[in-house]
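Spelled out, the chains give:
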Amino acid sequence: MLFNVALASSWSRRHTLFFIVLTIALSVALLIAVEKIRTEVRDSFNRSVSGTDLIVGARGGELQLILYSIFHIGQASNNISWESFELINSNKNVAWAVPISLGDSHKGFRVVGTSSGFFTHYQTGQQQSLLFQKGKAFNDLFDAVIGADVARQLGYQVGSRLTLSHGVGSASFSQHDDRPFSVAGVLRSTGTPVDQSVFISSEAIVAIHDGWQSGSRIPGQQISVEEVRKKVLQPKELTAILLGMKSKLSTFHLQRQINNYKAEPLQAVLPGVALQQLWQLIRVAENALRIVSGCVVLAGLIGMLAVLLTSLGARRKEMAIMRAIGARPWHIITLLVFESTLVSAIGTLLGVLLSVGLLMLAQPVLETQFGLFIQSTGLSLDDAPLLAGVVLAGAATGLWPGYRAYQMTAADGLTLRC
Amino acid sequence: MRIFRKIRVKARSQCATSVLVAVLSSFMLTSLVHAGQAHEHGVVTLDAVVEEKLLDVMLITPAVNVVGFEHAAETEAQKAEVIQAINSLKQGYQIIQLPRAALCLLKEADVIQSLLESQHEHEHEEEHGHADIRVHYQFVCAKPEQLTEIAVGLFDQFSMVESVRYQVVSPAGQKGGTLFSSRDEILIRQ
């Protein structure tokens, strides 16, 4: 009976309430979208590398090493010598070692010089090996394997020809146009920086720089592709090494050995540990996002409070008549709390639908423009307490207007001056 | 804003989150950088590996954290102090506290130190080097899947220990971080 009255009363003011429902829906949609993107960003970071026990690079920051070797952000502080790679590779505890040479690019995508072992050993996510969408790993010196995003954005297929540029800027002046590559394979999408990389062999990195000095071509010196093929292409330097151990028990022993290596300043980091450090940094930004979206929800609720309080003026007669026909104070409070609960519940529901719809729409854009791979746009169970909290806070918002309405006596609304 | 844009242009093909990281890390990197094997007073490094039924733990601490000095023990009192520290470090169950359900047995507890040495060995030692004490523990666990956390009991016993920097490798993945006396548990899996 009371609820019917409340419903009817709310319905009569549906235009005002519609907007407040909309405000709450938008704020809840924002809240959920932020939560979703936050968790997806974290997952995509954690997905980026697995199955690698150690990453070795020049001594410097641990984070810096993982940023340039895995995420291709920034530059290596220094290269490491090929002798160190061979020494580490021959260590009895090392199951596999994959070299990584960075420094060149192709139309804004990083070129990674590596061995074919990369495709068998590198894993992303929960121990998922890299898979070929088409083609296979490089065989020939001038073969390249490209990530899924490279293939999609540049429209490359197996057999496409590509020219690499020296340096990592997309408008690099020095082109390795005398030594074109052909695409041998296209990797399946992983949602990691692998998608945005062009892979060639370490020897090919040497080959394209043959006849170069200090980052530019030596004038007048032309070495044909055939001549380059005949040369012994022994890399002298590399940027980083990915390592897999035979037994995890020797991980730390090798790490200490590498860190204390006297002949060259090297460092070995555990990718999982470095990722965790990285995540601690991002937590600052993450919390800022949460606070902002929390404030938006708060603003929505305060808006609802304002609307409910203002409506009391217009509802004086309604309240007075209710009191006159025998409604108790708690009836009045229930009436208003019911209304605020209804409004926030509908708003939350609408917000959830809105966020799911928005994320579905934004998903392809996020993936192509920002490389952010959203696995599912659906709601996770983790959001449930958050949403329940919003509805509960909405319900509580009705308490104060309810109390105010009860304070206005019955007589107040029945006097003639209104 | 301009700086932000510059970085963005550079990393256009990277994910937006990476840009964020780049910006953040460019000014926060220095604070987190630490050399691999630094000798920092007050800081203990702990490396633990879980493989099959074995739990292998290596503690490396500056000697000052456990005995209060780093030179070779000279007086009888100093020697006694070193021996006492070695004995308490060998109490593997107190230092490395494991969940009962994992049913772990301490197989080995070796303390490697250079403070108590015979005169001959002492002559070869570096003159003013900092001294580290290394402790190696090996546990055999009947139910390694129950190894959900490791509590480190160093803080109660050695008041000089301020923090423990840990790295853990387990079937659940790699973990790393820093422990303090207020939070002395490493969560291996949630």
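Residues numbered from 1 in each chain as written. Chains lettered and ligands numbered in written order. Predicted model: local features only at pLDDT ≥ 70, side-chain atom pairs only at ≥ 80, totals over all residues. Heavy atoms only, no water.

A short note on the overall build of chain B
Heads up, the condition is: Helix and strand definitions here come from DSSP, where helices need a minimum of 4 consecutive H or I residues and strands a minimum of 2 consecutive E residues; each element is numbered from the N-terminal end. Should any heavy atoms of two residues lie within 4.5 Å, those residues are considered in contact. In this description, accessible areas are obtained by the Shrake-Rupley approach with a 1.4 Å probe, and a residue is regarded as covered only by the protein chains that are shown.
A count of helices and strands for chain B gives seven helices and nine strands. Considering only intrachain contacts with a sequence separation of at least 6, the fraction spanning at least 24 residues in chain B is 64%. Accessible surface computed for chain B: about 10500 Å², of which carbon and sulfur atoms make up 52%.

So, the nonpolar core
We apply this condition: Take the buried Ala, Val, Leu, Ile, Met, Phe, Trp, Tyr and Cys residues and link them wherever side-chain atoms come within 4.5 Å; each set so joined is a nonpolar core. Only protein chains enter the area calculation, which uses a 1.4 Å probe; residues under 20% of their type maximum are buried, those over 50% are exposed, and those in between are partly exposed.
Ranked by internal contacts, the top residues of the largest apolar core, which has 43 residues, are Leu46, Leu55, Leu89, Ile96, Tyr137, Leu154 and Val164 of chain B. A per-element tally of this core places strand S5 (residues 132-141) of chain B first, with five residues. Formed by 34 residues, the second largest nonpolar core is a distinct cluster that contains Leu63, Ile70, Trp96 and Val194 of chain A.

Side note on the side chain of Asp53 of chain A
Put simply, the rule reads: Any pair of N or O atoms that falls within 3.5 Å is considered a polar contact. Within protein, one atom must be able to donate a hydrogen and the other to accept it, and sequence-neighbouring residues count only if both atoms are side-chain atoms.
Its place among the elements puts Asp53 of chain A in the loop between helix H2 (14-47) and strand S1 (54-58). The buried category is assigned to Asp53 of chain A, whose relative accessible area is 5%. In terms of polar contacts, Asp53 of chain A uses its side chain to reach the backbone amide nitrogen of Met245 of chain A, at 2.7 Å. Setting aside residues no more than four positions away along its own chain, Asp53 of chain A makes contact with Leu243, Gly244, Met245, Lys248, Thr251, Val269, Leu270 and Pro271 of chain A together with Gln174 of chain B.

Brief notes about the sheet that holds strand S1 (residues 43-51) of chain B
Residues and elements named next belong to chain B. Rule in force here: One requirement defines pairing of two strands: DSSP has to find at least two bridges between them. Note on geometry: axes are C-alpha line fits, over the in-contact stretch for helices, and angles between N-to-C directions span 0 to 180 degrees.
Reading across from one edge, S4-S5-S2-S1-S7-S8 is the order of the six strands in this open sheet, with mixed pairing throughout. The outermost strands of the open sheet, each flanked by one partner alone, are strand S4 (104-112) and strand S8 (173-180). Going from strand to strand, the sheet's axes swing by 15° on average, the running direction of each strand aside. Of the pairings in the sheet, the one linking strand S2 (residues 54-62) to S5 comprises nine bridges and is antiparallel in character. Its bridge partner being in S5, Leu59 is matched across the sheet by Val135.

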